[in-house]
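Residue-level structural notes
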There are 2 protein chains.
Amino acid sequence: MAAWGQRLAGVRGVLLDISGVLFDGAEGSGVPIAGSVEAVARLKRSRLKVRFCTNESQKSLGDLVELLQQLGFDISEGEVTAPAPATCLILKERGLRPYLLICDGIRSEFDQIDTSNPNCVVIGDAGESFSYQNMNKAFQVLMELENPVLISLGKGRYYKETSGLMLDVGAYVKALEYACGIEAEVVGKPSPEYFKSALQEMGLEAHQAIMIGDDIVGDVGGAQRCGMRALQVRTGKFRPSDEHHPEVKADGYVDNLAEAVDLLLQHADK
Amino acid sequence: MAAWGQRLAGVRGVLLDISGVLFDGAEGSGVPIAGSVEAVARLKRSRLKVRFCTNESQKSLGDLVELLQQLGFDISEGEVTAPAPATCLILKERGLRPYLLICDGIRSEFDQIDTSNPNCVVIGDAGESFSYQNMNKAFQVLMELENPVLISLGKGRYYKETSGLMLDVGAYVKALEYACGIEAEVVGKPSPEYFKSALQEMGLEAHQAIMIGDDIVGDVGGAQRCGMRALQVRTGKFRPSDEHHPEVKADGYVDNLAEAVDLLLQHADK
């Protein structure tokens, strides 16, 4: 593999995944990953642009940022690309009234949205709310529509909590896609539109930016398909087999965000 | 379309789907579809061979046959190809110990199976037991295996109860396949092995048999891929759009089993 200097040449901005890179989640709380608080602070003191890009769909953006601030991170709502606010824009633009298959923690994001007489389904990481009854209701709403619209907050396969790996929203999206014979519109990684909106917020072209994430498919593969470079951290949901993934090869594998930032500050923007 | 005489020429045996063709299910019971009790009786008095081929995975074979007999059908356990008994054979042959993601009604079929320290997952139509907790347990079992084995009792998309369309096991199979990056082994329609075992029980070649079902993909498409002919009935989960399905075209569409049997007795085996 090429030397780091070559691999990181010309990088002017960094997109950071949040869960599994900044902190490890637990029910309603979390612990910072060692070195990550300081790594974010160092990045922000550098000449590199920094933005956060998450598929979080269990907490509202406000709650997520508040949690991260409590853990010591220098972060504000305006620096985060998150799927729920992006979805609300789409719903309003297209006059869509969703049946919401989401968890209670994120419901407040949709307070201004009309949910009467639904003409689409919005699915997030609903956790325990992924009951058979709720899934079946979403299925029935879609089957009764002439043009079924399913909007998904991300399409992650799983994430890691301190108690172990947990099924993510993508699995349930696949279930509804198969049952209804439709394809969901993904608002979140790995959707190219989602990465592009984050790049736009940074004012950078794809080749000038690098994604740092723990998900080999959603973070690394998605960013690369967009023309960005991407590093995978060996924290969060990382599994050793990811380094031999049949389809996706990261531009580099690092132990954690701290190592990624060491390398970036040494080699990027040269 | 060719005349019925041509389409049914040489048929010597009939495979009958059960739910949606013989009866419409409701919670734990059911009502016969008009004309179906007599249609089965007429078929059995004819020279045509008859076998039942179901993906039922909520009731044990014994309970299903008992229900059908109570509804007036002439049917016995030995005449039915069902996924649970077929799965038990596979588990024993390969020394597999399943985590069972199934509903209570079919659990007795697995009484003789060792389920300690699971090295595979068996998934059926678990209904209300498709909780997030149970799905996540199945996911975690699979992710901890070096060679994850997921065996699915059918792969139906949905079925119809008197209260409406209901998500079937296939949706949840897709969820686990996506989350784990694996492919399930399907025991049931539309798996070719499953149709072949039913044909073998009848002592017929595929071109001599016709499937009658209400599922355009699972029944009709599956049987046709096996070399059989197939009729779709306009009962059960049938929807008018099925007659314009982008991939599957039945050899004929009939209002119900009674009409199918009328046509078969008139034209088959000539």
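Just so it is clear, the structure is predicted and the values come from calculations on it, not from any experiment.

Okay, the packing of aromatic side chains next. Aromatic rings in a pair are described by how distant their centres are and how their planes are angled relative to each other. All told, the structure shown has 8 aromatic pairs over all chains when counted by the stated rule. Summarising the aromatic geometry, the rings of A:Tyr158 and B:Phe139 are spaced 5.6 Å apart at their centres and angled 40° between planes, so their arrangement reads as tilted. Of this pair, A:Tyr158 sits in strand S9 (residues 158-161) while B:Phe139 is found in helix H5 (residues 132-143), placing the two residues in two different chains. One exposure class covers both A:Tyr158 and B:Phe139, and it is buried. One aromatic cluster in this structure is built from A:Phe130, A:Tyr172 and B:Tyr132. Above the plane of the ring of B:Trp4 lies B:Arg7, whose end atom (NZ or CZ) is 4.0 Å from the centre. Lying across the ring of B:Tyr158, B:Lys237 places its NZ or CZ 5.9 Å from the centre.

Now for empty space enclosed by the protein. Enumeration over the complete set of coordinates arrives at 2 cavities of 30 Å³ or more. What the largest cavity holds in volume is close to 50 Å³. Lining the largest cavity are B:Thr54, B:Glu56, B:Lys59, B:Ser60, B:Leu61, B:Leu64, B:Ala82, B:Pro83, B:Ala84, B:Pro85, B:Ile106 and B:Glu109. When residues of the lining of the largest cavity are traced back to their parent elements, those giving at least two are helix H3 (61-70) and helix H4 (83-94) of chain B. Element by element, the count of residues in the lining of the largest cavity is highest for H4(B), at 3 residues. Tallied by class, the residues present in the lining of the largest cavity amount to 7 nonpolar, 2 polar and 3 charged. Considering only enclosed or pocket space, the second largest cavity measures out at about 30 Å³ in volume. Lining of the second largest cavity is provided by A:Glu56, A:Lys59, A:Ser60, A:Leu61, A:Leu64, A:Ala82, A:Ala84, A:Pro85, A:Ile106 and A:Glu109.

Okay, the environment of A:Glu56 next. Residues and elements named next belong to chain A. As for its placement among the helices and strands, Glu 56 is situated in the loop between strand S4 (49-53) and helix H3 (61-70). Placed 60 residues apart in sequence, Glu 56 and Ser 116 show a C-alpha to C-alpha distance of 25 Å. The contacts of Glu 56, once residues within four sequence positions are left out, are Leu 64, Pro 83 and Ile 106. At 2.9 Å, the side chain of Glu 56 and the backbone nitrogen of Gln 58 are in polar contact.

The subject of this paragraph is the interface of chain A and chain B. A common way to state how big an interface is: give the accessible area lost once the parts meet. Chain A puts 27 residues into the contact, and the matching count from chain B is 27 residues. Contact between chain A and chain B buries roughly 2,600 Å² in total, counting both sides, with carbon and sulfur atoms accounting for 66%. The largest per-residue losses of area from chain A upon contact with chain B belong to A:Tyr132, A:Leu167 and A:Tyr178, which jointly make up 32% of the total buried on that side. On the surface where chain A and chain B come into contact, there are 0 salt bridges. Linking chain A to chain B there are 8 residue pairs in polar contact (both at pLDDT 80 or more). Looking at the side of chain A that touches chain B, the elements with two or more residues in it are helix H5 (132-143), S9, strand S10 (164-167) and helix H6 (169-180) of chain A. Residue contributions to the side of chain A that touches chain B peak at 7 residues, all from H6(A). In terms of residue class, the side of chain A that touches chain B is built from 15 nonpolar, 7 polar and 5 charged.

Another point: the packing of helix H2 (residues 36-45) of chain B against helix H9 (residues 257-267) of chain B. Residues and elements named next belong to chain B. One can describe the packing of H2 onto H9 by two numbers: an axis separation of 8 Å at closest approach and a directional angle of 25°. Judged on the interaxial angle alone, H9 and H2 are roughly parallel. Seen along the crossing, H2 lies across H9 with a hand that is left-handed. Every residue of H9 that contacts H2 at Ser 36, Ala 39, Val 40, Arg 42 and Leu 43 is listed here: Leu 257, Ala 258, Val 261, Asp 262 and Leu 265.

Residues and elements named next belong to chain A. The strand order S5-S4-S1-S12-S13-S14 describes an open sheet built from 6 strands, whose pairing is parallel. The two strands at the open ends of the sheet, each matched to only one other strand, are strand S5 (80-81) and strand S14 (252-254). The pairing of strand S13 (residues 229-233) with S14 spans 3 bridges and is parallel. The partner of Leu 231 across the bridge, within S14, is Gly 252. Those strands touched by helix H7 (residues 192-202) are strand S1 (13-16), S4, S5 and strand S12 (209-213), and its axis lies near 150° from that of S4.

Moving on, we get to the nonpolar core. By size, the foremost hydrophobic cluster in this structure holds 71 residues, and its most contacted members are A:Leu16, A:Leu22, A:Phe110 and A:Ile212. A:Phe139, B:Tyr99, B:Tyr158 and B:Leu167 belong to the second largest nonpolar core, which has 59 residues in total.

The next thing to look at is the relation of the copies chain A and chain B. In the superposition of chain A on chain B (RMSD 0.0 Å, axial shift 0.0 Å), the rotation amounts to 180°. Classification of the inter-copy transformation places it as that of a two-fold axis. Here 100% of the contact residues of chain A are again contact residues in chain B; the copies associate through an equivalent surface.

How each quantity is defined
Residues numbered from 1 in each chain as written. Chains lettered and ligands numbered in written order. Predicted model: local features only at pLDDT ≥ 70, side-chain atom pairs only at ≥ 80, totals over all residues. Heavy atoms only, no water. Phe/Tyr/Trp six-rings, centres within 6.5 Å; stacked < 30°, edge-to-face > 60°. Helix = DSSP H or I, 4+ residues; strand = E, 2+ residues; numbered from the N terminus. Buried < 20%, exposed > 50% of the residue type's maximum accessible area, 1.4 Å probe, protein only. Lys NZ or Arg CZ within 6 Å of the ring centre and 35° of its normal. 1 Å grid on protein atoms, 1.4 Å probe; cavity = no way out; pocket = protein on both sides within 12 Å on 5 of 7 lines; lining within 4 Å. Points joined across faces, edges and corners; volume = space filled by probe spheres on them. Nonpolar A, V, L, I, M, F, W, Y, C, P; charged D, E, K, R; others polar. Contact = heavy atoms within 4.5 Å. Polar contact = N/O pair within 3.5 Å; in protein donor to acceptor, adjacent residues only side chain to side chain. Buried area = accessible area lost by both parts, 1.4 Å probe. Salt bridge = Lys/Arg side-chain N within 4 Å of Asp/Glu carboxyl O. Axes fitted to C-alpha atoms, helices over the stretch in contact; angles between N-to-C directions. Parallel < 35°, antiparallel > 145°, perpendicular 65-115°, else oblique. Left-handed = near helix turned anticlockwise from the far one by under 90°. Pairing = 2+ DSSP bridges. Core = buried A, V, L, I, M, F, W, Y, C linked by side-chain atoms within 4.5 Å. Least-squares fit on C-alpha atoms with pLDDT ≥ 70 in both.

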